[in-house]
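Report on the structure
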Amino acid sequence: MTHDIIKKLGLPRIIIIAFVIFLFIVAGIQGQNMATLITDSLTRFGMNLVFSLAMLPAIMSGIGLNMGLPIGIVCGLLGGLVSIEAGVSPLMGLIIAICIAIVVGFAVGVVYGKLLNRVKGSEMLIGNYLGSCVIYLMCMFWFTAPFKDPAIIWPMGGAGIRTTVALTGYYEKILLNVLSFKVLGVTIPTGMLIFGAGICALIYFFSNSKTGVSLQSVGNNPSYANAAGINVNRARVIGAAFSTALGALGIIVYAQSYGFFQMYEAPLTMSFVPMAAVLLGGATLKRANIWHAVIGTFLFQTMLTIALPVANQMFPDGDISEMIRIMTSNGIILYALAQAGEQDS
């Protein structure tokens, strides 16, 4: 019985679940506000879910983990800035940002996918370097971008975009607050959870469509897919484009929850957390589904949310708590990537 449970859940998930339960127990002993911790966990889960879901089309199409996710993120940042510059109502601004992010992200993703087709077998490595190159190219663009809104550009007539662009007065927390309600002191971010569920449904129907099945065939066995008449390169391009578009959408959801866009080098390492989340959820480099993203994101974000206040109370002096948080998060990322190699061997 115990062996079956371990085999079904997998050792990494059991370890993380046990660690999360341990953190909740310690937080309760410390007298932490449990309702606030649960609220923050649900919020961070909703903020990061779309990023994790963005990994699925890439894995399904045989590209592997999308290390080039920052390429999609800068597309989303561009859409967000254009929506602010438009000066429309908060809801319309959010819709404009989402539409531009998806369209630009998909178009750029097509180019990205065609580049990956030229480096088969090294997609993750090339994606990482390409993502870094795009980030620094966009840094130069942000310095010279022709935006005029005072909320975007540096004050006193300075050229270029601010390091942090606040969404106050635009669409700050619009998804977070819509339809939200409290249960026993826990605030449920209903709007954001519904939005995430909608993206999950979109990926589910896509994966069960003719195109989605073709992508999964390519990911499982490209030689067999090619023999069956499936255009392998085209399927990989679709997977990369879909993944990049979801990455662009993800930064809109993420930023509206925080209340600001972080520009310049901020997106550089944002692909590592969703990669670790889907792997901890049970995905491998060749197989992934929606539940892997949902479970992994919830466990990863809940652990990070609870670990910081617990560490703060245990080590109130200095920056030790922040060091522990960084060590914990990066240690889990490293462990998840190591497990991915073992699962596919």
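Residues numbered from 1 in each chain as written. Predicted model: local features only at pLDDT ≥ 70, side-chain atom pairs only at ≥ 80, totals over all residues. Heavy atoms only, no water.

1. Structural notes on the overall build of the protein
Just so we agree on the cut-off: By definition, any uninterrupted DSSP run of H or I lasting at least four residues is a helix, any uninterrupted run of E lasting at least two residues is a strand, and each is numbered from the N terminus. Burial classification: accessible surface area is computed with a 1.4 Å probe over protein chains only, and a residue below 20% of its type maximum counts as buried, one above 50% as exposed, and the rest as partly exposed. By the convention used here, residues are in contact when the closest approach between their heavy atoms is within 4.5 Å. Exposure was quantified through the Shrake-Rupley algorithm and a 1.4 Å probe, taking into account, for residues, occlusion by the shown protein chains and nothing else.
Of the regular secondary structure elements, the protein holds 15 helices and four strands. Going through the 345 residues of the protein one by one, you find that 50% of them count as buried. When contacts within the protein are restricted to residue pairs at least 6 apart in sequence, long-range pairs at least 24 apart make up 77% of them. Carbon together with sulfur atoms contributes 68% to the accessible area of the protein, which is approximately 16000 Å² in total.

2. Section: empty space enclosed by the protein
Summary: where empty space remains is shown by rolling a probe the size of a single water molecule over the atoms. Worth spelling out the cut-off: In this analysis a 1.4 Å probe is tested at points of a 1 Å grid over the protein atoms alone, and where it fits but cannot get out there is a cavity; an open set with protein on both sides within 12 Å along at least five of seven lines is a pocket; lining residues have an atom within 4 Å of a point. Grid points are joined across faces, edges and corners, and a volume is the space filled by probe spheres set on the points. When residue character is reported, Ala, Val, Leu, Ile, Met, Phe, Trp, Tyr, Cys and Pro are called nonpolar, Asp, Glu, Lys and Arg charged, and the others, Gly included, polar.
Under the definition given, this model contains one cavity of 30 Å³ or more. Estimated volume of the largest cavity: approximately 70 Å³. What lines the largest cavity is I73, L77, I251, Y254, A255, Y258, F260, F261, Q262, A266, P267 and M270. Among the elements that line the lining of the largest cavity, the one with the most residues is helix 12 (residues 232-258), at four residues. Split by residue class, the lining of the largest cavity holds eleven nonpolar, one polar and no charged.

3. A look at helix 3 (residues 34-53)
The cut-off we apply is this: An expected span of 1.5 Å times one less than the residue number is assigned to each helix. We define the bend at each residue as the angle formed by axes fitted to the 7 residues ending at it and the 7 residues starting at it. Side-chain atoms alone can form a polar contact between residues adjacent in sequence; in general such a contact is a pair of N or O atoms within 3.5 Å, and within protein one must be able to donate a hydrogen while the other accepts it.
Its 20 residues give helix 3 an end-to-end C-alpha distance of 28 Å, which sits within 8% of 28 Å, the value for a rise of 1.5 Å per residue. For helix 3, the principal kink sits at M47 and spans about 35°. Where burial is concerned, most of helix 3 is hidden: 15 out of the 20 residues are buried. Capping of helix 3 at its N-terminal end is provided by N33; its side-chain oxygen lies 3.2 Å from the backbone amide nitrogen of A35.

4. Considering the pattern of salt bridges
Going by this rule: Just to be clear on terms, a salt bridge is a Lys or Arg side-chain nitrogen sitting within 4 Å of an Asp or Glu carboxyl oxygen.
Evaluation of the coordinates by the stated rule reveals two salt bridges. Ionic pairing is found between E123 and R236, a salt bridge with its closest N-O pair at 2.6 Å. Taken as a pair, E123 in helix 7 (residues 123-144) and R236 in helix 12 lie far apart in primary sequence, 113 residues in all. For E123, a relative accessible area of 9% puts it in the buried group. In this structure R236 comes out as buried when scored by relative accessible area, which is 6%. K173 is the salt-bridge partner of E172, the closest N and O atoms lying 3.8 Å from each other. Take E172: its relative accessible area is 30%, and that puts it in the partly exposed class. A relative accessible area of 27% places K173 in the partly exposed class.

5. What about the environment of G72?
When you line up the elements, G72 lands in helix 5 (residues 69-86). Taking the C-alpha atoms as reference points, G72 and V108, separated by 36 residues in sequence, lie 7.8 Å from one another. What G72 contacts, discounting residues up to four positions off in sequence, is T244, G247 and A248.

6. Some words on the packing of aromatic side chains
Inclusion rule: Classification of ring pairs uses Phe, Tyr and Trp, with its six-membered ring standing for Trp, and accepts pairs whose centres are within 6.5 Å; under 30 degrees between planes counts as stacked, over 60 as edge-to-face, and the remaining range as tilted.
For the structure on display, the rule yields nine aromatic pairs. Aromatic pair F45 and F298: ring centres 5.8 Å apart, planes at 80°, arrangement edge-to-face. Here F298 lies in helix 14 (residues 290-314) and F45 lies in helix 3, a separation of 253 residues in the sequence. In textbook terms, an aromatic cluster arises when at least three aromatic residues are bridged by ring pairs, as seen for F51, Y254, Y258 and F260.

7. Observations concerning the nonpolar core
To keep things clear, this is the line we draw: Joining through side-chain atoms within 4.5 Å is the link that ties buried Ala, Val, Leu, Ile, Met, Phe, Trp, Tyr and Cys residues into a set, and such a set is a nonpolar core.
By size, the foremost hydrophobic cluster in this structure holds 79 residues, and its most contacted members are L53, I161, F261 and M263. Residue contacts for M263: discarding those within four places in its chain leaves L77, L81, W142, I161, R162, T163 and V165. If you look at the next biggest cluster of nonpolar residues, it comprises 15 residues, including A27, L37, A276 and F300.

8. Brief notes about unusual backbone geometry
Even without being glycine, K173 reaches a positive phi, approximately 55°. Here K173 is to be found in the loop between strand 1 (164-166) and helix 8 (174-177). With phi around 60°, L179 is a residue other than glycine that occupies positive phi space. Position of L179 relative to the elements: it lies in the loop between helix 8 and strand 2 (181-183). Residue class for L179 comes out exposed when judged on its relative accessible area of 60%.

9. Remarks on helix 7
Going by this rule: Within this analysis, the arc is defined by the directions that extend from the helix axis to the C-beta atoms.
The terminal C-alpha atoms of helix 7 lie 31 Å apart, and with 22 residues this matches the ideal 32 Å at 1.5 Å per residue to within 8%. When helix 7 is considered as a whole, its buried residues turn out to be E123, G127, G131, V134, I135, M138, C139 and W142. Seen from one end, helix 7 has its buried residues packed into an arc of 155°, which puts them on one side. Turned more than 90 degrees away from the buried face of helix 7 sit L125, Y129, L137, M140 and T144, all of them exposed. If you follow the buried residues of helix 7, they end up packed against helix 5, helix 6 (90-117) and helix 12.

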